[in-house]
Amino acid sequence: MKKFLMSLMAIIMIILFLAAAAGIFFYKKYVPTKELADQNEWFGVIGDRVAIILNNERVENIKGRYLDGELYLPLNWVNETLNERFYWDEGEQLLIYTLPNEIVYADVSTLGSSQKPLVVQQENQVWLLAGLVLNYTDIRMERFIDGDVKRVFIDTQWDPIPIANTKKDGKLRVRGGVKSPILTDVAQKEPLEILEPMEQWTKVRTQTGFIGYIQNKLLEESVDQPQVSTFQHPVYTNISMKDPVCLVWHQTFSQQANDAMPQMMANVKGVNVIAPTWFMLTDNKGNYESLADQGYVQEAHNMGLQVWAVLDNFNKGDNVQSEILFASTTARKKLIASLIKDAKTYGLDGINLDVEGIKEQAGPHYVQFIRELSVHCRNEGLVLSVDNTVPAAYSAFYNREEQGRVVDYVVIMAYDEHHVGGEAGSVASLGYVTKGVEDTLAMIPKEKVIVGIPFYTRLWETDGETLNATSMGIATAKKWVEQNGMELKWQEETGQYYGELEKDGKTYRLWMEEEASLRAKMDVAREKNLAGVACWKLGFETKELWDIVRLK
């Protein structure tokens, strides 16, 4: 009997132990925790730092500032994420915002409507008043800055938001699951934004400024709530020619070149714009050398041509450092004032920018120059066009998208595919031109895109050790081929005639530009319904080409 009782006690003890273990397991797994999350730690803020939640995702490693009762956002982050048009001139300590018809300036002493600075420079950073960003940007912004855990919610999307009320009081947790720490309480009938429904839990956003998870059983059925933006987007009016643009560049280095224009245009047909290379940057202060001639403009107008004078940075630009020139507000103002004055003096119809080979660090400053120049051109009724190489990763800093918004025309210089100092090859194969056009159209409306085509080719010469190239206009190249008996064969892959020749111990190679190759390029322009064509350069062509180089 004693033995039986001891066995019974052992069994009871085991049962009690298992029951206790089961109870502990059940408690740990199913009983909701009352642990409160550290909100400062969760938002990653302390003191005057403000957490930024962009489109319901917390921005890592970037914080706002709460200074003197106002919220400020870091300029670099604003530019990269919300609005690229806030431009800071570090040298002159100026904040500049360019609108379609005016340029707004502010410095650290400029106050907003709250009588607080619009811009603050602290900790080697520039900070923008959040209200200023909101005024110029199509966003929604909710600020929670009264308590210790300061945060701002910024939304750039305007899709309808599903809203669901809570059935009763509940807990918002850091993650799905009853063991996750509590972020905050939610009250009965509290409306919550539905962010991510799951099987048993839903990620939501509260009107009190928290994002977390709540059990599905606490939510009523959601209803979509429309979001309506009241932001007035800036309207960039542009000048568009009635007919497709047919532009020819006229390279000028002297007054004699200006005088030769009428003779050079004698056999030209279909052209409605001539672009003389008149304005040549000479320094970092906004000065340029000019070959502008009023008689030339009058003669061109008599021919029914518009004159878009070219500004370049290479013909006299040995001392020009674009990263210095365009970074100076004073230099940009001087350069723009001179260009507009000359445009009025000489009766120009437009300005064509041909700024090439700049460093990446100059990119934002050059784009700002284009914005500012566009304001003055728009106000004066001048056409503004900008020349660009075909799009590539290494030149993305030219910001073709922004160019396309603010200027009248963007010209693709769809040539120099192979150039002196590189491998032998075509100046502008058909595939190269086609891809350049298509990549540009992915960023800029076709109504603003002009394709530039070459009236030249390169003759490549090698003795087996060195490689040289000679640029030739089409007329000159045709004579060379005829005089030297080079046989040309059509290449489908390049859309050009190709020839090789052995002579005097050297090998000559030529990818020929002529009527057939340029017709193929013009077919691309027509198929893509581009705004026009631009030809480099006057004097390199044969007269037969003018029957081909036209979009109408």
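Rules used in this analysis
- Residues numbered from 1 in each chain as written.
- Predicted model: local features only at pLDDT ≥ 70, side-chain atom pairs only at ≥ 80, totals over all residues.
- Heavy atoms only, no water.
- Helix = DSSP H or I, 4+ residues; strand = E, 2+ residues; numbered from the N terminus.
- Rg over C-alpha atoms; globule rule 2.2 N^0.38 Å.
- Buried < 20%, exposed > 50% of the residue type's maximum accessible area, 1.4 Å probe, protein only.
- Axes fitted to C-alpha atoms, helices over the stretch in contact; angles between N-to-C directions.
- Left-handed = near helix turned anticlockwise from the far one by under 90°.
- Contact = heavy atoms within 4.5 Å.
- Nonpolar A, V, L, I, M, F, W, Y, C, P; charged D, E, K, R; others polar.
- Pairing = 2+ DSSP bridges.
- Expected span 1.5 Å × (residues − 1).
- Arc of directions from axis to C-beta.
- Polar contact = N/O pair within 3.5 Å; in protein donor to acceptor, adjacent residues only side chain to side chain.
- Phe/Tyr/Trp six-rings, centres within 6.5 Å; stacked < 30°, edge-to-face > 60°.
- Lys NZ or Arg CZ within 6 Å of the ring centre and 35° of its normal.

Caption draft 1: Main features of the overall build of the protein. Helices and strands together make up the secondary structure of the protein, namely 14 helices and 32 strands. Here the C-alpha radius of gyration of the protein, 34 Å, is well above what a compact globule of 552 residues would show, namely 24 Å. Taken over the C-alpha atoms alone, the protein extends approximately 125 × 65 × 45 Å along its principal axes. Relative to its full complement of 552 residues, the protein shows a buried share of 51%.

Caption draft 2: Here's a closer look at the packing of helix H9 (residues 329–346) against helix H10 (residues 363–380). Viewed as axis vectors pointing N to C, H9 and H10 meet at an angle of 35°, and their least axial separation amounts to 10 Å. Considering how the two elements wind past one another, H9 and H10 form a crossing that is right-handed. Counting all contacts with H9, which are made through Arg-332, Leu-335, Ile-336, Leu-339, Ile-340 and Lys-344, the residues of H10 involved are His-365, Gln-368, Phe-369, Glu-372, Leu-373, His-376, Cys-377 and Glu-380. Partitioning the contact of H9 with H10 into residue classes produces seven nonpolar, three polar and four charged.

Caption draft 3: Representation of the sheet that holds strand S30 (residues 496–503) within the structure. Spatial strand order, S28-S27-S31-S30-S29: five strands in an open sheet with antiparallel pairing. Either end of the sheet is taken by a strand with one partner, and the two such strands are strand S28 (467–473) and strand S29 (488–491). Each strand of the sheet is rotated relative to its neighbour by a mean of 25°, with strand direction disregarded. Here strand S27 (residues 456–462) pairs with S28 via seven bridges, running antiparallel. Note on S28: the bridge partner recorded for Leu-459 is Thr-470. With respect to the sheet, helix H13 (residues 474–484) is in contact with S27, S28, S29, S30 and strand S31 (506–512), its orientation differing from that of S28 by roughly 115°. Sitting on the sheet, helix H14 (residues 515–527) is in contact with S29, S30 and S31, with an inclination near 150° to S30.

Caption draft 4: Layout of the environment of Asp-68. Considering the arrangement of structural elements, one finds Asp-68 in the loop between strand S2 (57–67) and strand S3 (70–74). With 20 residues separating them in the primary sequence, Asp-68 and Asp-48 have C-alpha atoms 9.7 Å apart.

Caption draft 5: Here's a closer look at H10. Spanning 18 residues, H10 covers 26 Å between terminal C-alpha atoms, matching the ideal 26 Å at 1.5 Å per step. Burial analysis of H10 places 14 of its 18 residues in the buried class, the great majority of the element. Of the residues flanking the end of H10, it is Gly-381, one or two places downstream, whose phi is positive at about 75°.

Caption draft 6: Focus on helix H12 (residues 430–441). Between its first and last C-alpha, H12 extends 17 Å over twelve residues, near the 16 Å set by a 1.5 Å rise per residue. By the burial criterion, the buried members of H12 are Val-433, Thr-434, Gly-436, Val-437 and Thr-440. Down the axis, H12 shows its buried residues gathered within 160° of arc, on one side only. On its buried face, H12 sits against strand S25 (409–413), strand S26 (449–454) and H14.

Caption draft 7: Layout of the sheet that holds strand S5 (residues 94–98). Taken together, the three strands give an open sheet; going across it, the order is S4-S5-S6, and neighbouring strands pair in antiparallel fashion. Each edge of the sheet is formed by a strand with only one pairing partner; in this case those strands are strand S4 (86–89) and strand S6 (103–106). Across the sheet, the mean angle separating the axes of adjacent strands is 25° when strand polarity is ignored. Inspection of the sheet shows S4 paired to S5 by four bridges, in the antiparallel sense. Each bridged residue has a counterpart across the sheet, and for Phe-86 the counterpart in S5 is Tyr-97.

Caption draft 8: Structural view of the pairing of S30. In this structure, S29 lies alongside S30, joined through four bridges in antiparallel fashion. Residue pairing across strands places Trp-490 opposite Tyr-497, the latter belonging to S30. If you look at the hairpin formed by S29 and S30, you'll find four residues sitting between the two strands, and Gly-495 has a positive phi there, around 65°. Connecting the antiparallel pair S30 and S31 is a turn made up of two residues, with Asp-504 showing a positive phi of about 55°.

Caption draft 9: Local environment of the side chain of Thr-507. On the secondary structure map, Thr-507 appears in strand S31. One polar contact links Thr-507 to Glu-502, side chain to side chain, over a distance of 2.8 Å. Excluding residues that lie within four positions of it along the chain, Thr-507 makes contacts with Trp-460, Glu-461, Thr-462, Leu-501 and Glu-502.

Caption draft 10: Just the packing of aromatic side chains, in detail. Counted according to the given criterion, the structure contains 20 aromatic pairs. Between Phe-326 and Tyr-366, the ring centres sit 5.3 Å apart and the planes meet at 55°, which makes this aromatic pair tilted. Taken together, the residues span a long stretch of sequence, with Phe-326 in the loop between helix H8 (322–325) and H9 and Tyr-366 in helix H10 at a distance of 40 residues. Ring pairs connect the aromatic residues Phe-326, Tyr-366, Phe-369, Phe-397 and Tyr-398, which therefore count as one cluster. Lying over the aromatic face of Phe-210, Arg-151 brings its terminal NZ or CZ to 4.4 Å of the ring centre. Over the face of the ring belonging to Tyr-105 we find Lys-333, whose NZ or CZ atom lies 4.3 Å from the ring centre.

Any functional reading would require information that these geometric values do not contain.
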